[in-house]
Amino acid sequence: MISKWAWHLKRLTRKLWLRAALISLLAVAAALGSLVVSPLLPPGLSAQIGADAVDNILNIIATSMLTVTTFSLSTMVAAYAAATSNVTPRATRLLIEDTTTQNVLATFVGSFLYSLVAIITLSMGAYGERGRVVLFAVTIVVIILIVMTLLRWIDYLLRLGRVGETTQQVEKATTEAMRIRKKTPNLGGVPIEQAESGIPRNASPIFTDTIGYVQHIDVDALNDYAVEAKGRIYLAALPGTFIDPKRPLAWCSGLNETPDAATIIAAFTIGEDRSFDQDPRFGLCVMAEIAQRAMSPAVNDPGTAIDVIGRAVRVLSIWAEPDAEAEVQFNSIFVPSIDIADLFDDVLTPLARDAAGSVEVQIRLQKAYSALARIGDARYEAVAKRHSKAAIERVRAAMTSSHDVQRVVDAAKFVGRTTGQK
């Protein structure tokens, strides 16, 4: 588990301004670094390789990169608006943090600053004949980088903000969060179900005045405090939980001192929005939102809903993958386990409800329940059968055609069976 500060640093690296600033500083260093390297070159090279043309090349780069950057920003804003209206506003954050987009814009801005600094330095006469040779070589490298970036950007623009591409990014983020949680299902702590008698009655609750969602928990810091105080801490809120002043973050028991609420609260990062990082359930909820919007009367796109169902099956199956028993890293911290039924409710229940009148989506949904029931986990089979029956009830209430209802019922017969369905 990463610490609170490491998590904040990780989030900082996803900011566009940071990546653009770092590449811009590198570009400026490259422009000024030519002054340092130039004395090492023999004289007379400038005329041989045509380095005198560097002035015109730099002017072209400065003019074109400013235009391309402005155009790219406009395209990005339009793509974000399209994703907000056609997919879901919660998915826009992934587009903003997309490394491809950030690298492209950072390259354009850095190239513009490089050419600007080089032009200013040339105008001051600081380079000299040998300095122009170095500057010319660096400029050629910058041009190659710009061309490669432009080709990549053109290909990426064809997909930026599209429903399928955005849905794929949501699935990728959810899959990553799910696999990380799979490796540490209880955030590295002891499953609270293994506590002798649950949370002790004399445990002290820890409250906070902040209202918002738990985004990250520094379990390592909590464990250090619990070990030092010779007690136990029982988490009452996992990442994604909505916290208010009357809902406890944790319970403390057996401490040899009065619980230091400030230390415990400091281990929790609470924000206005949920985060994908430690909260795989949030990714499932976003996937459900995409399918719900696709099934709205204004959109009426069952194909996207069917696509989301397939992606949901892939993500949910991760939790059933066999692996070595999770190692407990923090013996003084007790953490609730994720309930499989909650995972189903996050992504499949909203779709089963809002697409109750679509026979195509309902049949695909029953096939998804069938696939999850056959995954090899008894818990999955029980939950899949329960959801299948609930979906049938919604179908009977929503569909007017008995033929369509029967098709869904026939598809539901395969839930829990090992053979017979394609």
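One structure accompanies this document, and this report is about it. (Residues numbered from 1 in each chain as written. Predicted model: local features only at pLDDT ≥ 70, side-chain atom pairs only at ≥ 80, totals over all residues. Heavy atoms only, no water.)

### Describing the packing of aromatic side chains
In step 1: Taken as a whole and judged by the stated rule, the model has five aromatic pairs.
In step 2: Both rings, one in Tyr234 and one in Phe334, keep their centres 5.0 Å apart while their planes meet at 20 degrees; by these two values the pair is stacked. With Tyr234 in strand 4 (residues 232–235) and Phe334 in strand 8 (residues 330–335), the pair connects residues that are 100 residues apart, well separated along the chain. In this pair, the class of Tyr234 matches that of Phe334, namely buried. (Phe/Tyr/Trp six-rings, centres within 6.5 Å; stacked < 30°, edge-to-face > 60°. Helix = DSSP H or I, 4+ residues; strand = E, 2+ residues; numbered from the N terminus. Buried < 20%, exposed > 50% of the residue type's maximum accessible area, 1.4 Å probe, protein only.)

### Thoughts on the nonpolar core
In step 1: Among the nonpolar cores identified, the biggest contains 45 residues, and Leu284, Met287, Phe344, Val347, Leu348, Leu351 and Tyr369 are the most heavily contacted of them.
In step 2: Among the secondary structure elements, those contributing two or more residues to this core are helix 5 (89–96), helix 8 (163–183), helix 11 (280–294), helix 12 (302–318), helix 13 (340–347), helix 14 (349–354), helix 15 (359–373) and helix 16 (378–398).
In step 3: For this core, the leading source of residues is helix 12, giving eight residues.
In step 4: Aside from chain neighbours lying at most four places away, what touches Leu284 is Thr174, Met178, Val315, Leu316, Leu343, Asp346 and Val347. (Core = buried A, V, L, I, M, F, W, Y, C linked by side-chain atoms within 4.5 Å. Contact = heavy atoms within 4.5 Å.)

### Some thoughts on the side chain of Thr241
In step 1: Following the sequence through the fold, Thr241 ends up in the loop between strand 4 and strand 5 (242–243).
In step 2: On the basis of relative accessible area, Thr241 is assigned to the buried category, the value being 14%.
In step 3: Within the structure, the side chain of Thr241 is placed 2.8 Å from the backbone oxygen of Leu238, a separation counted as a polar contact.
In step 4: Leave out the neighbours within four places in its chain, and Thr241 touches Gly212, Tyr213, Val214 and Arg247. (Polar contact = N/O pair within 3.5 Å; in protein donor to acceptor, adjacent residues only side chain to side chain.)

### A few points about the layout of surface pockets
In step 1: In this structure, the largest pocket encloses a volume near 820 Å³.
In step 2: In this structure, the largest pocket is lined by 31 residues; those nearest its centre are Arg14, Leu94, Ala173, Glu176 and Asp277.
In step 3: Among the elements of the structure, helix 1 (4–12), helix 5, helix 6 (99–123) and helix 8 are those that each provide at least two residues to the lining of the largest pocket.
In step 4: At nine residues, helix 8 tops the list of elements feeding residues into the lining of the largest pocket.
In step 5: Partitioning the lining of the largest pocket into residue classes produces eleven nonpolar, nine polar and eleven charged. (1 Å grid on protein atoms, 1.4 Å probe; cavity = no way out; pocket = protein on both sides within 12 Å on 5 of 7 lines; lining within 4 Å. Points joined across faces, edges and corners; volume = space filled by probe spheres on them. Nonpolar A, V, L, I, M, F, W, Y, C, P; charged D, E, K, R; others polar.)

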